[in-house]
Amino acid sequence: MASEPNVKITPPPDSATGVTSIQKSLEVAMRDAGPLRALRLFTTVNQTSGFDCPSCAWPDPHDDRHTFEFCENGVKAFTDEATRATIGRDFFAQHSVADLAQQSDHWLNAQGRLAEPLVLRPGATHYTPIDWTEAFKLTGQALKALDSPDGAIFYTSGRTSNEAAFLYQLFVRRFGTNNLPDCSNMCHESSGAGLDETIGVGKSTVTLDDLEHAGCILLIGQNPATNHPRMLSSLQTAVRNGAKIISINPLPEVGLMRFKHPQEVSGILGNGTALTTLFLQVRINGDVPLFKALAKVILESGHGVDQAFIDQYTAGFDDFVTGLRQHGLATLSEQAGVSEAQIRQAAATIAEAPGVICCWAMGLTQHQNAVDNIRELVNLMLLGGNVGKPNAGFFCVRGHSNVQGDRTMGIYEKPSPLFLQKLGAEFDFSPPQHHGYDTVAAIEAMHAGDATVFLAMGGNFLSATPDTEYTAEALRRCDLTVQISTKLNRSHLVTGRTALILPCLGRTDKDGGQFVTTESSLSYVAKSAGVITPASPHLKSEVAILCGLAESTLGLDWSAYAANYGLIRDHISRVVPGCEDYAERVDAPGGFCMDIPPKRRVFPTPSGKAHFSVTPLRPIELAQNEYLMMTIRSHDQFNTTIYGLDDRYRGIFQGRRIVLMHAEDIREGGFVPEQSVDLRHQHRVAENFILVPYDIPRRCVATYFPEANVLIPIDRYADLSRTPASKSTPVTIHRRA
Ligand SMILES: Nc1nc2c(c(=O)[nH]1)N[C@H]1C(S)=C(S)[C@@H](COP(=O)(O)OP(=O)(O)OC[C@H]3O[C@@H](n4cnc5c(=O)[nH]c(N)nc54)[C@H](O)[C@@H]3O)O[C@H]1N2
Ligand SMILES: Nc1nc2c(c(=O)[nH]1)N[C@H]1C(S)=C(S)[C@@H](COP(=O)(O)OP(=O)(O)OC[C@H]3O[C@@H](n4cnc5c(=O)[nH]c(N)nc54)[C@H](O)[C@@H]3O)O[C@H]1N2
Ligand SMILES: [Mo]
């Protein structure tokens, strides 16, 4: 792996956003999309008549929208999609697959939009053009030739619209399988599993207005300045309304500490708003002991316990209390890596607040005991009655812009019997009842030869999944791999014997006058319509591609759906629970909010109560030369799409193969700052990283996703949710010869 000679390490800045952000946004937009397209995009993004930003799933304000409702990283996402550069037959004639595989992720993405369907025939060195009919036929034949429908895998990333997602799962189930792994399996699956079991619904229970009026906000395992920048405006409002923010993170992420609002004069000139009141620098995976410690202190003080709520609405409280007595505060504090004094201070802030909202993302969900993280967080919240009342509750801050909607529409390997029954009744067929493969199981099935056709509705499966070499081998063992994509990525370059690239429209592209719908993190479902002329006349919408596949595979004529997405919405109304009268409700300005019963203190668990849980303490034992590694996002990437090589808020420029490490650990390990090293986990090696001294707990290190995915073992994943442990893999560090 090439080294990065220009990497520059500087002290992190002291606040996030401010004028640099706006300037950066404009630079990027003008360069990639050109002035006219940029203007069109800037004035319509996240407006009720425009398109839903394809970056994160942050909700739009329901009524009071600003003229410009976007952030720097949203701009990167939509201008990256709206680029005028295209790659078609000439590009692929010039570059062999082997040549392309040598290029960086940054370079691959920068080449432009995929412009026409392409095929890589068995033994061929280059992709060559194929017409759409031929591509559908080839896929249909491969699917029909399988001994069992379970020999095919249908992956989804989280950008797919509700209409395409609904049709996709219908296609897959009519074909006969529930093999619908998705990016959620690697993302918030642990949140869904933990919430579903304890409060009966795997979704957030608050509104934006609640967030802006909460007394106390817990920001856990999340880096909003980079990954949900619009959240900072809401947090600033909350602070101005008197909220106290407790940040729980191994890193003092700049955006958690201080924020300058880019659309306020004071944000351009002033020092910005201090956001975090109390920073708890927890060890990687120290959250279970920390949440237990907070609950223990609150219980023992008696202050901040909502006994009336506990008695009326919950179950399991006595066992929970007994469980907590097993651990002393000193042990919990030690395992969390947070002092008893800070724990007491945080507990007092939580206990005193009239309403507490907890927000979290990947810092909690990507560990072996990730579901326990959620269960313990639920315990802490139930203790104070902080659910189903104003300005209190759970905010599971989602990643991809429609990842929540895709699940609502049935993209799930473990569909509920009710959903299947309604789907079968609507379309007069018997959907398969047995569960399908999730992401980890899909990789294992391809590796074992049990699944031989892989189709991806978006995403970059190879780079997003753990154990890169193992996954690459799994994909190579397939007969056919099909990628429905907007941009070139590594999953187009490590393929089955035959491979297809089917280029599709993105969220920003005009789609023949039609609109689609999406669902945000806070369950708002709204319309989205592209605004710019597609980069190439040969692109098809995801819906149109599914119609082509349904015809070639199942002999079904779905052309009416492609011509009128309203017909799909009619089916959604009748099949998807909570989406009754879908067409009318999405027609309202700003759309509608799905019903979330825990908001009303109705907990649809089997007992009808919210549940306290008892979880074990499971500290990760490190050998003497091991460090616990988390893989995180830099400021210039969207998952596996690398927009640039800088991580401005962490002071790192022109390099991604870096390891953030405590200065004392660097010294004690016999290393020096900026030394070149290799990282290892068992037989897995990630080469040529440099050590960066950083403010991170001892024995913890951080690297970027996806460069370090090669180290994460396929069999190291969360109990129950099976989410890969991307935030806690032990590694050893080795000097390069
Ligand atoms: N610009 C941009 N926006 C994005 C994305 C992107 O890549 N770029 N990705 C989207 C997606 S799909 C997602 S899921 C979200 C991801 O959003 P985040 O979850 O914010 O993303 P990560 O970079 O994975 O950051 C995880 C944070 O958790 C902390 N952390 C790691 N381990 C632990 C732990 O054990 N305990 C605690 N308390 N904290 C820990 C890390 O220090 C880091 O601050 O963002 C979405 N939005
Ligand atoms: N080590 C480690 N691994 C991780 C994570 C981590 O924190 N650490 N995070 C995990 C998380 S949270 C997630 S969500 C996954 C992300 O996994 P994925 O969703 O699979 O990955 P992305 O990088 O978001 O996918 C980018 C590709 O999607 C395609 N694309 C973009 N827009 C569209 C569209 O509108 N339609 C279609 N059809 N294609 C489109 C483009 O071709 C682009 O190259 O990665 C996971 N992997
Ligand atoms: Mo995600």
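Note that the structure is predicted; figures quoted are calculated from it, not measured.

This next bit is on the packing of helix H15 (residues 287-301) against helix H17 (residues 317-325). Any two packed helices are characterised by how steeply their axes cross, that is the angle between the axes, and by the distance between the axes. Here H15 crosses H17 at 105°, and the two axes come no closer than 10 Å. The pairing of H15 with H17 is recorded here as roughly perpendicular in orientation. Of the residues in H17, those touching H15 at Lys292, Ala295, Lys296 and Leu299 are Phe317, Phe320, Val321, Leu324 and Arg325. Here the contact of H15 with H17 is composed, by residue class, of six nonpolar, no polar and three charged.

Here the focus is unusual backbone geometry. For residues that are not glycine, phi is negative in most cases, and the peptide bond is trans in most cases. With omega at 5°, the peptide bond leading from Phe705 into Pro706 counts as cis. Among the secondary structure elements, Pro706 is positioned in the loop between strand S30 (700-704) and strand S31 (729-735). Positive phi is not limited to glycine here, since Glu674 has a value of about 65°. With respect to the element layout, Glu674 can be found in the loop between helix H31 (663-668) and strand S28 (676-681).

Let us look at the site of ligand 1. The full set close to ligand 1 counts 32 residues, and Asn249, Glu253, Asp287, Gln637 and Asn639 are the nearest of them. Side-chain polar atom of Asn73 to a nitrogen atom of ligand 1: 3.3 Å apart, as the coordinates give it. One nitrogen or oxygen atom from the main chain of Gln637 is found 2.7 Å from a nitrogen atom belonging to ligand 1. Within the complex, 99% of the 910 Å² of free accessible area of ligand 1 lies under protein. For the shell around ligand 1, the elements supplying multiple residues, two or more each, are helix H11 (224-227), helix H20 (362-365), strand S23 (626-632) and strand S24 (637-638).

Within this structure, the stated rule accounts for 23 aromatic pairs. Ring geometry for Phe166 and Phe427: centres 6.2 Å apart, planes at 45°, overall tilted. Of this pair, Phe166 sits in helix H8 (residues 162-175) while Phe427 is found in helix H23 (residues 417-427), placing the two residues 261 residues apart along the sequence. No difference in accessibility class separates Phe166 from Phe427, as the two residues are buried. Measuring from ring centre to ring centre gives 6.4 Å for Phe317 and Phe320, while their planes differ by 40°; the resulting arrangement is tilted. Of the two residues, Phe317 and Phe320 both sit in helix H17, three residues apart, roughly one turn of that helix. Given the relative accessible area of 13%, Phe317 is considered buried. Judged by relative accessible area, Phe320 falls into the buried class, the value being 2%.

On to the pairing of strand S18 (residues 498-503). Taken across its six residues, S18 has six buried, putting it largely inside the fold. The alternating pattern of S18 places Thr498, Leu500 and Leu502 and Ala499, Ile501 and Pro503 on opposite faces, both of which are buried.

Attention now goes to the domain arrangement of the protein. According to the domain assignment, the protein consists of domain 1 (8-81), domain 2 (109-184 + 402-589), domain 3 (189-396) and domain 4 (626-735). Between domain 3 and domain 4, the C-alpha centre-to-centre distance is 26 Å. Contact residues are listed per partner, giving 27 residues for domain 3 and 29 residues for domain 4. Of the roughly 2,100 Å² buried where domain 3 meets domain 4, counting both sides, 60% is carbon and sulfur surface. Summed over the shared surface of domain 3 and domain 4, the number is one salt bridge. The shortest N-O distance in the salt bridge between Glu253 and Arg650 comes to 2.8 Å. Our enumeration of links across domain 3 and domain 4 arrives at 10 residue pairs in polar contact (both at pLDDT 80 or more). Counting only elements with at least two residues in the side of domain 3 that touches domain 4, the list comes to helix H9 (189-199), H11, H20 and helix H21 (370-383). Per-element accounting of the side of domain 3 that touches domain 4 gives the leading share, four residues, to H9.

A few words on the pattern of salt bridges. Scanning all chains against the criterion turns up 33 salt bridges. Taking the shortest distance from any N to any O, the salt bridge between Asp182 and Arg407 comes out at 3.2 Å. Residue Asp182 is found in the loop between H8 and H9, and its partner Arg407 is found in helix H22 (residues 403-408); the two are separated by 225 residues along the sequence. The network of salt bridges with shared partners includes Glu72, Lys76, Asp636 and Arg648.

The next point concerns the site of ligand 2. As a matter of local geometry, ligand 2 sits amid 31 residues, with Tyr155, Ser157, Ala464, Glu542 and Thr640 nearest to it. Between an oxygen atom of ligand 2 and a side-chain N or O atom of Ser157, the distance comes to 2.6 Å. Gly459 is positioned with one of its backbone polar atoms (N or O) 3.0 Å from an oxygen atom of ligand 2. In isolation ligand 2 exposes 930 Å². Once the protein is present, 97% of that is buried. In the shell around ligand 2, the residues fall into 11 nonpolar, 15 polar and five charged. Formed jointly, the shell around ligand 2 draws a minimum of three residues from each of two domains, domain 2 (109-184 + 402-589) and domain 4 (626-735).

One closed barrel accounts for six strands, arranged S23-S30-S27-S29-S28-S31; its pairing is mixed. Strand-to-strand twist across the sheet, computed as the mean angle between neighbouring axes with direction ignored, equals 45°. Sheet topology note: the strand S27 (residues 658-661)/strand S29 (residues 684-693) ladder contains four bridges and is parallel. Paired with Val659 across the bridge in S29 is Leu691.

Before going further, it helps to examine H15. Under the 1.5 Å per step criterion, the end-to-end length of H15 is 21 Å for 15 residues, consistent within 8% with the ideal 21 Å. Along H15, 12 of the 15 residues are buried, which leaves the element largely enclosed by surrounding structure. When H15 is considered as a whole, its buried residues turn out to be Asp287, Val288, Pro289, Leu290, Phe291, Lys292, Ala293, Leu294, Ala295, Lys296, Val297 and Ile298. A positive phi of about 80° marks Gly302, the residue just after H15.

For the rest of this paragraph, the subject is a negative patch on the surface. There is a patch of like negative charges on the surface, built from Asp570, Glu580, Asp581 and Glu584. Its location among the elements puts Glu584 in helix H30 (residues 582-587). By relative accessible area, which is 53% here, Glu584 ends up exposed.

We now examine the packing of H9 against H21. Following both chains from N to C, one finds H9 and H21 inclined at 45°, their axes separated by 8 Å at the closest point. By the criterion of interaxial angle, the relationship of H9 to H21 is oblique. Our pair here, H9 against H21, has a crossing hand that is right-handed. Only Ala370, Val371, Ile374, Arg375 and Val378 of H21 make contact with H9, whose side of the interface consists of Ser190, Ser191, Ala193, Gly194, Leu195, Glu197, Thr198 and Ile199. Across the contact of H9 with H21, the residue classes break down as seven nonpolar, four polar and two charged.

Reading across the sheet, the five strands line up as S12-S9-S8-S14-S15 and stay open at both edges, with parallel pairing between neighbours. Edge positions in the open sheet fall to strand S12 (276-280) and strand S15 (393-396), since each of these has one partner strand only. If you compare each strand with its neighbour and ignore which way they point, the axes differ by 20° on average. In the sheet, strand S8 (residues 216-220) pairs with strand S14 (residues 356-360) via five bridges, with the strands oriented parallel. Counterpart to Ile220 in the pairing with S14 is Trp360. Where H21 meets the sheet, it contacts S8, S14 and S15, and its direction lies at approximately 170° from that of S14.

The rules we used
- Residues numbered from 1 in each chain as written.
- Chains lettered and ligands numbered in written order.
- Predicted model: local features only at pLDDT ≥ 70, side-chain atom pairs only at ≥ 80, totals over all residues.
- Heavy atoms only, no water.
- Axes fitted to C-alpha atoms, helices over the stretch in contact; angles between N-to-C directions.
- Helix = DSSP H or I, 4+ residues; strand = E, 2+ residues; numbered from the N terminus.
- Parallel < 35°, antiparallel > 145°, perpendicular 65-115°, else oblique.
- Contact = heavy atoms within 4.5 Å.
- Nonpolar A, V, L, I, M, F, W, Y, C, P; charged D, E, K, R; others polar.
- Near = heavy atom within 4 Å.
- Polar contact = N/O pair within 3.5 Å; in protein donor to acceptor, adjacent residues only side chain to side chain.
- Areas by Shrake-Rupley, 256 points an atom, 1.4 Å probe, with all protein chains shown as cover.
- Phe/Tyr/Trp six-rings, centres within 6.5 Å; stacked < 30°, edge-to-face > 60°.
- Buried < 20%, exposed > 50% of the residue type's maximum accessible area, 1.4 Å probe, protein only.
- Domains from an automatic or database assignment.
- Buried area = accessible area lost by both parts, 1.4 Å probe.
- Salt bridge = Lys/Arg side-chain N within 4 Å of Asp/Glu carboxyl O.
- Pairing = 2+ DSSP bridges.
- Expected span 1.5 Å × (residues − 1).
- Patch = residues over 30% accessible without salt bridge, like charges linked within 9 Å, V, L, I, M, F, W, Y side chains within 5 Å.
- Lys, Arg positive; Asp, Glu negative; His and termini not counted.
- Charge placed at Lys NZ, Arg CZ, Asp CG, Glu CD.
- Left-handed = near helix turned anticlockwise from the far one by under 90°.

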